[in-house]
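Secondary and tertiary structure notes
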Amino acid sequence: MPFYKRSVVPRRGRSAVPLAELRDVCSLAALTLLRQLADLCGHSLALLGDIEGHVLALGRRTGRLHRRTARLQALLRGRPLRGAHSAPGSAYNITLAVNTAVVTVNRNVD
């Protein structure tokens, strides 16, 4: 179930003066349209700001994951596996796909 952050409510702004001429009707319609476009721009700016915040947070999380994986790879480079049957060429191969934020750890035993 989605949780809505914003709701758009229509505004009914009627003029107190009756509109007798076509020019007045056109002016009021243009003014109403411009107000609606301004409200729409405000809502879209807020939504894009939220999306930008989520993308920045994802970038920070991905950077932390990349640094942690690099440290782990440096620690495990050249170390034999515990409990392995003394395989001389055993090591961990750690790969990180930064674009998809997927970490793959493979254990290679020769």
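What counts, and at which threshold
Residues numbered from 1 in each chain as written. Predicted model: local features only at pLDDT ≥ 70, side-chain atom pairs only at ≥ 80, totals over all residues. Heavy atoms only, no water. pLDDT = per-residue confidence, 0-100. Helix = DSSP H or I, 4+ residues; strand = E, 2+ residues; numbered from the N terminus. Contact = heavy atoms within 4.5 Å. Salt bridge = Lys/Arg side-chain N within 4 Å of Asp/Glu carboxyl O. Buried < 20%, exposed > 50% of the residue type's maximum accessible area, 1.4 Å probe, protein only. Expected span 1.5 Å × (residues − 1). Patch = residues over 30% accessible without salt bridge, like charges linked within 9 Å, V, L, I, M, F, W, Y side chains within 5 Å. Areas by Shrake-Rupley, 256 points an atom, 1.4 Å probe, with all protein chains shown as cover. Polar contact = N/O pair within 3.5 Å; in protein donor to acceptor, adjacent residues only side chain to side chain.

As annotated in an unreviewed UniProt entry, the protein chain is NHS-like protein 2 from Grus japonensis.

1. Focus: the confidence of the model for the protein chain
Here the protein chain averages 77 in pLDDT, and 67% of its residues register 70 or above. By mean pLDDT, the top-scoring element of the protein chain is helix α1 (residues 22–76) (92), and the lowest-scoring one is strand β2 (residues 102–108) (49). In the predicted structure, residues 98–105 sits below a pLDDT of 50 and forms 17 contacts with residues beyond four places in sequence or in another chain.

2. Re the pattern of salt bridges
Should the charged atoms of two oppositely charged side chains come close, the side chains can pair. Under the defined criterion, the tally for this structure stands at 1 salt bridge. Notably, a salt bridge pairs arginine 23 with glutamate 21, separated by 3.4 Å at the nearest N-O pair. Among the residues examined, arginine 23 registers a relative accessible area of 58% and is labelled exposed. With a relative accessible area of 43%, glutamate 21 lands in the partly exposed category.

3. Thoughts on α1
Taking 1.5 Å per residue as the helical rise, α1 with its 55 residues ought to reach 81 Å, and the 80 Å between its terminal C-alpha atoms agrees with that figure. Looking at the residues trailing α1, positive phi occurs at glycine 78, about 80°.

4. Here's the deal with the environment of arginine 6
Relative to the elements of secondary structure, arginine 6 occurs in the segment before α1. Accessibility expressed as a relative area gives 31% for arginine 6, which makes it partly exposed.

5. Focus on a nonpolar patch on the surface
Taken together, the side chains of Leu33, Leu34, Leu37 and Leu40 present a nonpolar region at the surface, about 400 Å² in accessible area. By the secondary structure assignment, leucine 40 is in helix α1. For leucine 40, a relative accessible area of 54% translates into the label exposed.

6. Details of the side chain of threonine 62
Position of threonine 62 among the secondary structure elements: in helix α1. Overall, the relative accessible area of 13% leaves threonine 62 in the buried class. A distance of 2.7 Å separates the side chain of threonine 62 from the backbone oxygen of leucine 58, its partner in a polar contact.

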